[in-house]
Structures are given as C-alpha cells and as structure tokens.
Amino acid sequence: MLSTAANLIKKLACEHNLSDAELLTLITSTEPDINKLLACEADKLRRQYYGDKVYIRGLIEFTNYCKNNCYYCGIRAGNSLAERYRLTQEEILACCAEGYRLGFRTFVLQGGEDAYYTDDKICAIVSAIRKQHPDCAITLSIGEKSRAGYQAYFDAGANRYLLRHETADAEHYAKLHPDCMSLENRKRCLFYLKEIGYQVGSGFMVGSPYQTPQNLVSDLRFLQKLQPDMIGIGPYITHEHTPFKDMASGTLEQTLRLLSILRLLFPYALLPSTTALGTIHPNGRELGLQAGGNVVMPNLSPVGVRKKYELYANKICTGEEAAQCRGCLEARVKIAGYNIVTDRGDVRRTLDKPEGEKL
C-alpha cells in the first residue's frame, strides 16, 4: 500500500497540481525516501519534455554595485567591505566572444541594480551582443526597472529576463527587505516583462530567514499565476557581512524537494541546477539535475572579478577560467546521466511537436 506522500507524488505527476493542504504535506513530510520518489517522477517528466538535454547559459556578472539593501545579500549597498567593480562594454563583449567559442548560445548578464548602467547603456550593450552573436539568446538579470526600460532592452535585442520574486508573501518580504522595497512592485515588473514578450524567469530562496512552509505554498501559487518560462530556486546561504549573518542557511534536502515539486507542477519549465546547490554540497548540481533540473550556468566573468560578486559566502568556481568551468560542468553533467547541448535551449511549452524542435 502506498504511503500518503507516495500517493500525493503520483497525483502531482499526473495532474500537475495539488491543494494547498496537499502541497504542505509534501513540503513538510518526514516520510523516508520522499525526495527519492519525487526525484524519480520529476526525472521521468523532464525526460518527456527535454530528453537528457541540459542547457548551458554563460553567466556574466558585470557589476556588483547595487542601490538596494536587501538584508540577505552580500552585495547590498550597506556592505562597505564589498570590493566593487564594473565591466566595460568591451569586457562584456570579450566574455561573450570567449563563451561563443566554447559553445555557449545564451548569455546571461547579471548585476546589482546599478544606476551607472542607464537604460541607454544597457541597450548599447545588448545591441552590440546581438550584432556580434545574432544566433544567441540574450538574458538580462538586472532587477526592477520601468516598463519603458524593459521595452527598450527588448527592442534592442534581449530575449529573456530573470527576476526572482524571492518570496510571494508580503509579510515575509518585509522581513527580508527595507521599507523602500515593495513586493507589489516586484510582481508588477514580472507581469510587465510577460506583456512585452520576454521569456520570463522568476523564483525564490529556499530556507530564507523567517520562511514558513506556508510561505513556500504561496510561492508556488504565485508562480502558477505568473506561468514563467524559467524558475530559479536555490538554498539561502548566509553571508557574514549582512544583518542575517547569524541566521541558518537553507538545506540541500529541502531545495531538492522543491525542485522536484516545481518540475511536477511545471513540466515545461527550464529549471537551473544552481551554483548555490554546488556551494552547499560537493555534488549539489548533479543532485539538482537528478531532481528535475535541466539548466546549468557556468561563469564567463573574468576571473579577476568573480570573488567580488559574492551574493553569499563560499561561492564555488571563482578561480576557474571559462574553459575550465565549461569542461568541469560537462563532466559533472555526464556523470549525473545527462548531456550538455550547445543550442539556445528555448522553453518547450507543449509536447505536440517532436522533441528538439523550437517552439
């Protein structure tokens, strides 16, 4: 006879939804092997949509200046010990050129909310990448901007935008951010991006301070409303130069459980197996892929700045050249039972076309 959790997993795999109470049961269950059962079903589903493909995104962390003071983040404006840097357009283009040579066909430009990079500067960078690499996807992850700004980046050639909502519960959001920041605005930005036509990514931290299982259910419900193309989650990891320096980090087990639940809720989604997972466990990224993930994001940033982009403590791969990151991840992905592919890796919303055909 199947256990309660096993029955719920079968139901979720079939229907791609559960009630709030059922989701809470899965999130909090202490039944043995629940993560293993979830990962098994999640892997079956990801293989139906994506086979054994794992998509690589070349991450370029181009500025660690940020106007915000989020209580959990190592590059928060209030961290006077952070060694700040900005990459020039030429340096960013050089990262892209090296990435292209290594087989990357998606570039992710990530940075703090840095006023130095005006909308015009971002558009110039995006346009230059688009001209240099017309066959590549360009992803931006630069925070909350105006709708006009988002439209301008899109018109300049950006295809995708990543903006984690971090938590969908207003009370919890207020515990993680200063009063000048607004969950309402964060959500508004995400829907602007959808309206404009971006492939949109959102997500949340697992195990962030004051997070409850009910908060996690709220996160899942918000994502169902948003229907993003990409969902990025990772464990919260404490940074010593933040107000949360004495808080516990999130766990591998809970993050893997949520990854599998997300795969079963969103069969089509692009789900990264994050560097943060690899930071809290030597095989974290491999385990993330086996739990339903199908994206990895090796770092293309110049080695000289990687340690400075420290959102959390003890981040891995800060000393490796781009080619080393690429080779290391390819081997790890192979060991996990999958294969890195070097195409853009667009989302597959349905199964009504042959696997591999761009939708």
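A. Inspection of the packing of aromatic side chains at higher detail. Applying the stated rule across the entire model yields 11 aromatic pairs. With a centroid separation of 5.9 Å and an interplanar angle of 80°, the aromatic rings of Y161 and Y198 are classed as edge-to-face. Of this pair, Y161 sits in strand β5 (residues 160-162) while Y198 sits in the loop between α8 (183-196) and β6 (199-206), and the two are 37 residues apart along the sequence. For the pair formed by Y161 and Y198, the shared burial category is buried. Aromatic ring contacts, followed pair by pair, group Y150, Y153, F154, Y161 and Y198 into a single cluster. Over the aromatic face of Y116 sits the side chain of K121, whose NZ or CZ is 4.7 Å from the ring centroid.

B. Here's a closer look at empty space enclosed by the protein. Throughout the structure, instances matching the rule amount to two cavities of 30 Å³ or more. Size it by volume and the second largest cavity reaches roughly 30 Å³. If you trace the second largest cavity, you find it lined by F62, T63, G112, D114, Y117, I122, I142 and K145. Its residues placed into classes, the lining of the second largest cavity shows four nonpolar, two polar and two charged.

C. Structural context of the pairing of strand β7 (residues 230-235). For β7, the tally of buried residues reaches six of six residues, placing the bulk of the element in the interior. Every second residue of β7 is oriented toward a common face, with M230, G232 and G234 on one face and I231, I233 and P235 on the other, all of them buried. The sheet contact formed by β6 and β7 spans six bridges and is parallel. What sits directly across from G203, in β7, is G232. Read as a crossover between parallel neighbours, the route from β6 over helix α9 (residues 213-226) to β7 is right-handed.

D. Representation of the sheet that holds strand β3 (residues 106-111) in the model. The strand order across the open sheet built from six strands is β2-β3-β4-β5-β6-β7, with neighbouring strands paired in parallel fashion. On the outer flanks of this sheet lie β2 (58-63) and β7, each paired with one strand and no other. Strand-to-strand, the axes of this sheet are offset by a mean angle of 20°, without reference to chain direction. Strand direction decides the pairing type here: β5 and β6, joined by three bridges, are parallel. If you follow L162 over to β6, its bridge partner there is G201.

E. Spatial organisation of the state of the cysteines. In this structure the tally under the stated criterion is zero disulfides. Free of any disulfide, C14 has its nearest neighbouring cysteine sulfur in C40, separated by 15 Å. Not engaged in a disulfide, the cysteine C317 finds its nearest cysteine sulfur in C325; these two sulfurs lie 4.7 Å apart.

F. Focus on the packing of helix α5 (residues 119-132) against helix α6 (residues 147-156). The interhelical angle for the contact between α5 and α6, taken along N-to-C directions, is 20°, at an axis separation of 8 Å. In terms of axis orientation, α5 runs roughly parallel to α6. Where α5 crosses over α6, the two elements pack in a sense that is right-handed. Here α5 contributes D119, I122, C123, V126, S127 and R130 to the contact with α6, which in turn contributes G149, A152, Y153 and A156. For the contact of α5 with α6, a count of residues per class yields six nonpolar, two polar and two charged.

Conventions we followed
- Just so you know, the residues in each chain are numbered from 1, in the order the chain's sequence is written.
- For this predicted model, a pLDDT threshold of at least 70 governs which residues receive local features, and a threshold of 80 or more governs which side-chain atom pairs are given and counted, while totals over whole chains, interfaces and linings are taken from all residues.
- Note that water and hydrogens are dropped before the side-chain values are worked out from all heavy atoms of the structure.
- Side-chain rings of Phe, Tyr and Trp, where Trp is taken by its six-membered ring, are said to pair if the distance between their centres is within 6.5 Å; with planes under 30 degrees apart they count as stacked, over 60 as edge-to-face, and otherwise as tilted.
- Under the DSSP-based scheme used, a helix requires at least four consecutive residues in state H or I and a strand at least two consecutive residues in state E, with every element numbered from the N terminus.
- Only protein chains enter the area calculation, which uses a 1.4 Å probe; residues under 20% of their type maximum are buried, those over 50% are exposed, and those in between are partly exposed.
- A ring has a charge above it when a Lys NZ or an Arg CZ is no more than 6 Å from the ring centre and no more than 35 degrees off the ring normal.
- Definitions used for this entry: grid spacing 1 Å over protein atoms alone; cavity, a set of points where a 1.4 Å probe fits but cannot get out; pocket, an open set with protein on both sides within 12 Å along at least 5 of 7 lines; lining residue, one with an atom within 4 Å of a point.
- Grid points are joined across faces, edges and corners, and a volume is the space filled by probe spheres set on the points.
- Residues are grouped as follows: nonpolar covers Ala, Val, Leu, Ile, Met, Phe, Trp, Tyr, Cys and Pro; charged covers Asp, Glu, Lys and Arg; every other residue, Gly included, is treated as polar.
- Pairing between two strands requires that DSSP report at least two bridges joining them.
- Viewed with both strands pointing away, a crossover whose connecting path from the first strand over the helix to the second turns clockwise is right-handed.
- Orientation is described by lines fitted to C-alpha atoms, with helices fitted over the stretch in contact, and by angles between N-to-C directions that extend from 0 to 180 degrees.
- Throughout, disulfides are identified as pairs of cysteine sulfur atoms within 2.5 Å of each other.
- With respect to orientation, any angle under 35 degrees is reported as roughly parallel, any angle over 145 as roughly antiparallel, any angle of 65 to 115 as roughly perpendicular, and every other angle as oblique.
- By definition, any crossing whose near helix is turned counterclockwise from its far helix by less than a right angle is left-handed, and any crossing with a clockwise turn is right-handed.
- Between two residues, a contact is recorded if the distance between any of their heavy atoms is within 4.5 Å.

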